[in-house]
Structure formats: C-alpha cells, structure tokens
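Summary of structural features
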Amino acid sequence: MTPEKTTRELVYETNRDVKWICRTLQRMEARDEEFEARLRALEGWQAERVGEERRVSTVSAGAGGIVGGVVAVLMKVFGGG
C-alpha cells in the first residue's frame, strides 16, 4: 500500500512538471525560429538562383539573336540572295 502524498509533495511535483513543460516549449520555439530562419535563407537562395537563371537566359537569348543575325547577313552576302 502506498502512502498518500502530502499537498506539499503534490505541489512540488506539479511545479517540476510545469517547469519541464516550459523548458520543452522553449526548446521547441527555438527550433521553430531556427527552422524559419533556415527556410527564409533557402527561399532567398532560390530567389537568387531564379534571378541568375533569368539573367543567363536573357544573355543567351540576346547572343542567339546576334549570332542568328550575323548568319543571316553572311548567307545574304555569300549566298547571293
């Protein structure tokens, strides 16, 4: 048979449990903040990458246009058309 706990013991156990819950919630919150920071960094990296891809595609489209124009002029000059 177990002896009944005193009010003081129950309060002590409750306080201990509440403190453990608070520490656990604080750790979870810190992890959430860290996760959100990593997510923001990843989103920034993706946006930066998309910007680079747009610049590359713009440059390649411009270069393709120039090369196409030069080829057309050369065909006209040497093709006698």
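Right, let's walk through the structure included here.

What counts, and where the lines are drawn
- Residues numbered from 1 in each chain as written.
- Predicted model: local features only at pLDDT ≥ 70, side-chain atom pairs only at ≥ 80, totals over all residues.
- Heavy atoms only, no water.
- Patch = residues over 30% accessible without salt bridge, like charges linked within 9 Å, V, L, I, M, F, W, Y side chains within 5 Å.
- Areas by Shrake-Rupley, 256 points an atom, 1.4 Å probe, with all protein chains shown as cover.
- Salt bridge = Lys/Arg side-chain N within 4 Å of Asp/Glu carboxyl O.
- Helix = DSSP H or I, 4+ residues; strand = E, 2+ residues; numbered from the N terminus.
- Buried < 20%, exposed > 50% of the residue type's maximum accessible area, 1.4 Å probe, protein only.
- Lys, Arg positive; Asp, Glu negative; His and termini not counted.
- Charge placed at Lys NZ, Arg CZ, Asp CG, Glu CD.

Taken together, the side chains of Ile 66, Val 70, Val 73, Leu 74, Val 77 and Phe 78 present a nonpolar region at the surface, about 620 Å² in accessible area. With respect to the helices and strands, Val 70 occurs in helix α1 (residues 7-79). By relative accessible area, which is 44% here, Val 70 ends up partly exposed.

Moving on, we get to a negative patch on the surface. The grouping of Glu 29, Asp 32, Glu 33 and Glu 36 at the surface amounts to a negative patch. Overall, the relative accessible area of 46% leaves Asp 32 in the partly exposed class.

In this structure the tally under the stated criterion is three salt bridges. Across the pair Glu 13 and Lys 5 runs a salt bridge whose closest N-O atoms are separated by 2.7 Å. When its relative accessible area of 23% is taken as the criterion, Glu 13 is described as partly exposed. For Lys 5, a relative accessible area of 45% puts it in the partly exposed group.

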